[in-house]
Amino acid sequence: LLAAQLPLELVFFNTHGSDHGIVLGEFAIDSSDLAQWLRFTSSPIIFNSSCISWQGVGREFIRAGARGYVGTLWPVDAAGAALVAADAMQRLVRGAPVAETISHEAADEPTKMAYIFVGMAGTRAIFREDDEEISRRFPLEMAKHLLRELVVRGPLLRMQYEIPLVRFLYQEARTLLERVDAMKY
């Protein structure tokens, strides 16, 4: 599985969704499929800013190996959610505990109150100092894994799921390959 191969510390979703799933591109992924498709060996923190993303989707990310999960208890205003997410990401990168990062003074009260975190009280994202070699190689390695998954699982994906997922994965792989091609080694 792709996520098991990647050194993930923080995964951020700024998308539409509900308690029953999340939307990636044109494809909706049901929350019950998340634990089947994902196994996080690096135990990342998941920040999901989509509406009503707490119970079903949150539970499945924790089952897949996330060490912490931020989701929303009810629908959130898009502008307020963007304020909360941008502020939270900045604070997470600076080392603040996740639970302290999910309120933003400028967001409206219902949006501020919608966010909930599950995880150990002092959980923080741990970012290493910028390692130039990892920064150069990561897009290439990720593209290789995506392409490998497409080749291995493509026929199964077409049988079990709608074609938009396959299109989405190809689009992501193509974008990463373009980034890799533009890099100078």
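Summary of the structure given here. Predicted model, so just to flag it, every value in this text is computed and none were measured.

### Section: the nonpolar core
Stage number 1. Within the largest apolar cluster, 17 residues are counted, with the highest numbers of intra-cluster contacts made by Phe47, Val70, Val98, Ile102 and Tyr115.
Stage number 2. When contributions to this core are tallied by element, the ones reaching two or more residues are strand E5 (45-48), helix H4 (78-93) and strand E7 (115-119).
Stage number 3. Sorting elements by how many residues they give to this core places H4 first, with six residues.
Stage number 4. Apart from residues no more than four positions distant in its own chain, Val98 is found in contact with Ile45, Val70, Leu92, Phe117, Thr123 and Arg124.
Stage number 5. Counting 15 residues, the second-largest nonpolar core is a separate cluster that includes Leu8, Val11, Leu38 and Tyr69.

### Here we look at the side chain of Thr123
Stage number 1. Checked against the element boundaries, Thr123 lands in the loop between E7 and helix H6 (132-160).
Stage number 2. On the basis of relative accessible area, Thr123 is assigned to the buried category, the value being 9%.
Stage number 3. Setting aside its immediate chain neighbours within four residues, Thr123 contacts Ile45, Arg67, Pro97, Val98 and Phe117.

### Section: the pattern of salt bridges
Stage number 1. Scanning the model with the defined rule gives five salt bridges in all.
Stage number 2. Across the pair Arg59 and Glu60 runs a salt bridge whose closest N-O atoms are separated by 3.2 Å.
Stage number 3. Overall, the relative accessible area of 44% leaves Arg59 in the partly exposed class.
Stage number 4. On the basis of relative accessible area, Glu60 is assigned to the buried category, the value being 5%.
Stage number 5. Here Glu60 ties to Arg63 by a salt bridge, and the two come within 2.9 Å at their closest N and O atoms. A residue pair is termed a helical-turn pair when its members lie 3 or 4 positions apart in one helix, as Glu60 and Arg63 do in helix H3 (residues 55-63) at three residues.
Stage number 6. Through salt bridges that share partners, Arg59, Glu60 and Arg63 make up one connected network.

### Concerning the sheet that holds strand E4 (residues 27-30)
Stage number 1. Ordered in space as E2-E3-E4, the three strands form an open sheet in which the pairing is antiparallel. Each having just a single partner strand, strand E2 (17-18) and E4 make up the two edges of the open sheet.
Stage number 2. Taken together, the two bridges between E2 and strand E3 (residues 21-24) define a ladder with antiparallel strand orientation. Counted as the bridge partner of Ser18 is Gly21 from E3.

Each value, and the rule that gives it
- Residues numbered from 1 in each chain as written.
- Predicted model: local features only at pLDDT ≥ 70, side-chain atom pairs only at ≥ 80, totals over all residues.
- Heavy atoms only, no water.
- Core = buried A, V, L, I, M, F, W, Y, C linked by side-chain atoms within 4.5 Å.
- Buried < 20%, exposed > 50% of the residue type's maximum accessible area, 1.4 Å probe, protein only.
- Helix = DSSP H or I, 4+ residues; strand = E, 2+ residues; numbered from the N terminus.
- Contact = heavy atoms within 4.5 Å.
- Salt bridge = Lys/Arg side-chain N within 4 Å of Asp/Glu carboxyl O.
- Pairing = 2+ DSSP bridges.

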